[in-house]
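Reading the structure
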Amino acid sequence: MDKSAGRDCLSRETTMSVNGIFILIVFFSHVQQYIGLPAPVHSVTAGLGQLMVAMFLFYSGYGVGCSIHGKGMDYIHGMPRRRILMVLCRFVPAVLLYALVDLACGIPFTGRVLFGSLIGWESLGNSNWYIFVILCLYLATWAACEICGRLAAESRRETASFLVMCLLSACLFLFLHETKQSWWYNTMTAYPFGFFVALTRKRWDGILDRKPVWAAATAASFFLVLLLRPESRHASLHLLMTVMYCNLVLCLTKKVPVYHPVLYWLGKHLFEIYILMRIPMILLRQRAVPWTQEPFVFTLISLAATLLLAWLYHSIYEFFASRLAR
């Protein structure tokens, strides 16, 4: 890899590696829901809270924004297939796999829960909220761009699309605020922020390339995150803190290369790791054997099984996807 690529905070090498770091943190956070882990691990996961998934949303918004900026209406027209259907095609088989695990373990569920789980509204033991939210954000982006593509002048189309997408995202936020727990909505601003950065990338890079501005932006973001953290139980402040946190990660990765092949692999398989990681944990708890309930053993088996499952799932999906594409 080109050494300079590590200093591009939005290069594929950097974004994948950052995702690799955070998916590991998410993994340990989920392990703690099944078995106790040492205090230092708890300190990291508790300290980050929902911010551990903020960069997933940010990079998703950035990727969509870059694709729309570069490919225009052709990409927008294909978003239901390229983004929404693709997520569902990767997610639904995993949900059905969880249904089989639940049946094998004697965990009851209803047809309503199974149906709701297919779109992330309900759960069969799998992580679900992120899938539902990202599907809704993709849908909001597509709808906003289609509307503005027809009504707005070409020179103002991207700006108008961004504003309408923010409006639709705000409606989603209000809906989830009334119907779901706080973690469903309190990092949502990372996605539109990523979209905004994609539309203003050249200007953004120009600003952060100036060392005094970069230092000031890094310090300001860091202290604002610290300032807002104690009050983050309030949804509006958590949304603001999410933007500041994403900006802090951007600033840090602008100057500090984070690429590593292991982290890159984890980031590349993020979706599969995120969706499948609970299966080994469920099986280890439901089919408990005393020696596997030691925290270190439980974690090691869960991690190894998750990585193997992710690799197999990814390989099988790519095999069928390539055949269907012919």
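Procedures and definitions
Residues numbered from 1 in each chain as written. Predicted model: local features only at pLDDT ≥ 70, side-chain atom pairs only at ≥ 80, totals over all residues. Heavy atoms only, no water. Phe/Tyr/Trp six-rings, centres within 6.5 Å; stacked < 30°, edge-to-face > 60°. Helix = DSSP H or I, 4+ residues; strand = E, 2+ residues; numbered from the N terminus. Buried < 20%, exposed > 50% of the residue type's maximum accessible area, 1.4 Å probe, protein only. Contact = heavy atoms within 4.5 Å. Axes fitted to C-alpha atoms, helices over the stretch in contact; angles between N-to-C directions. Parallel < 35°, antiparallel > 145°, perpendicular 65-115°, else oblique. Nonpolar A, V, L, I, M, F, W, Y, C, P; charged D, E, K, R; others polar. 1 Å grid on protein atoms, 1.4 Å probe; cavity = no way out; pocket = protein on both sides within 12 Å on 5 of 7 lines; lining within 4 Å. Points joined across faces, edges and corners; volume = space filled by probe spheres on them. Arc of directions from axis to C-beta. Core = buried A, V, L, I, M, F, W, Y, C linked by side-chain atoms within 4.5 Å. Patch = residues over 30% accessible without salt bridge, like charges linked within 9 Å, V, L, I, M, F, W, Y side chains within 5 Å. Areas by Shrake-Rupley, 256 points an atom, 1.4 Å probe, with all protein chains shown as cover. Salt bridge = Lys/Arg side-chain N within 4 Å of Asp/Glu carboxyl O. pLDDT = per-residue confidence, 0-100.

**Thoughts on the packing of aromatic side chains**
Evaluation of the coordinates by the stated rule reveals 20 aromatic pairs. For the ring pair Trp121 and Trp184, a centre distance of 5.8 Å and an interplane angle of 65° mean the geometry is edge-to-face. Here Trp121, found in the loop between helix 6 (111–117) and helix 7 (129–151), pairs with Trp184, found in the loop between helix 8 (157–179) and helix 9 (190–199); they are 63 residues apart in sequence, far enough to count as distant. Residue class for Trp184 comes out buried when judged on its relative accessible area of 3%. Relative to Phe223, the ring of Phe222 lies with its centre 5.3 Å away and its plane at 75°, an arrangement referred to as edge-to-face. When its relative accessible area of 39% is taken as the criterion, Phe222 is described as partly exposed. When its relative accessible area of 54% is taken as the criterion, Phe223 is described as exposed. Pairwise contacts between aromatic rings join Phe58, Tyr59, Phe162, Phe193, Phe195, Phe196 and Trp204 into one cluster.

**With respect to the side chain of Ser67**
Following the sequence through the fold, Ser67 ends up in helix 3 (residues 54–71). Since its relative accessible area comes to 15%, Ser67 is described here as buried. Setting aside residues no more than four positions away along its own chain, Ser67 makes contact with Gly72, Tyr75 and Arg83.

**Structural notes on the packing of helix 1 (residues 12–31) against helix 2 (residues 39–48)**
It is at 10 Å that the axes of helix 1 and helix 2 come closest, and there the two elements cross at 110°. With respect to each other, helix 1 and helix 2 are oriented roughly perpendicular. Contact residues: Phe22, Ile25, Phe28 and Ser29 in helix 1; Val41, Val44, Thr45 and Leu48 in helix 2. Broken down by class, the residue content of the contact of helix 1 with helix 2 amounts to six nonpolar, two polar and no charged.

**What to know about empty space enclosed by the protein**
One pass over the full model with this rule turns up one cavity of 30 Å³ or more. Taken as a whole, the largest cavity holds about 40 Å³ of empty space. In terms of lining, the largest cavity is formed by Ile23, Leu24, Phe27, Leu266, Ile273, Leu303 and Leu307. Going through the elements one at a time, helix 1 and helix 16 (295–325) are the ones with two or more residues in the lining of the largest cavity. The biggest single contributor to the lining of the largest cavity is helix 1, with three residues.

**A few points about helix 13 (residues 261–268)**
Of all the positions in helix 13, only Leu263, Leu266 and Gly267 are classed as buried. End-on view of helix 13: buried residues confined to an arc of 100°, all on one side of the axis.

**Overview of the nonpolar core**
Residues Phe22, Ile23 and Phe58 are the most contacted members of the largest nonpolar core, which totals 95 residues. The dominant element in this core, judged by the number of residues it contributes, is helix 7, at 11 residues. The residues contacting Phe58, other than those within four sequence positions of it, are Leu10, Ala190, Tyr191, Phe193, Gly194, Val197, Cys246 and Leu250.

**Thoughts on a nonpolar patch on the surface**
Together, Leu308, Trp311, Leu312, Ile316, Phe319 and Phe320 give the surface a local cluster of nonpolar side chains, amounting to about 610 Å² of exposed area. Its location among the elements puts Trp311 in helix 16.

**Brief notes about the confidence of the model for the chain**
Taken over all residues, the pLDDT of the chain has a mean of 92, while the share at 70 or more is 97%. When the elements of the chain are averaged for pLDDT, helix 10 (residues 201–208) gives the smallest value, 83, and helix 13 the largest, 97. Contacts of residues 1–6 to residues separated by more than four positions or lying in other chains number 11 contacts, the stretch itself having pLDDT below 50.

**Focus on the pattern of salt bridges**
Side chains that differ in charge, positive against negative, can pair when their charged atoms come close. Counting across every chain of the model gives eight salt bridges. Between Arg201 and Asp8 there is a salt bridge, and its shortest N-O distance comes to 2.7 Å. Separated by 193 residues along the polypeptide, Arg201 in helix 10 and Asp8 in the segment before helix 1 bring together distant segments of the chain. Taking relative accessible area as the criterion, Asp8 reaches 25% and is therefore assigned partly exposed. Asp205 serves as the salt-bridge partner of Lys254, at 3.3 Å between the closest nitrogen and oxygen.

**Observations concerning the layout of surface pockets**
Considered as a void within the structure, the largest pocket measures approximately 1000 Å³ in volume. Lining the largest pocket are 34 residues; nearest its centre among them are Met16, Arg83, Met86, Arg90 and Phe271. Listed by contribution, the elements that provide at least two residues to the lining of the largest pocket are helix 1, helix 3, helix 5 (79–105), helix 7, helix 13, helix 14 (270–276) and helix 16. By residue number, the principal contributor to the lining of the largest pocket is helix 16, which donates eight residues. Considered class by class, the residues forming the lining of the largest pocket number 20 nonpolar, eight polar and six charged. By volume, the second largest pocket is sized at about 580 Å³.

**Some thoughts on the environment of His30**
Structurally, His30 is set in helix 1. By relative accessible area, His30 is classed as buried at 8%. Separated by 66 residues in sequence, His30 and Leu96 have C-alpha atoms that sit 20 Å apart. Dropping the residues within four chain positions of it, His30 is found in contact with Ser127, Tyr274, Met277, Arg278 and Met281.

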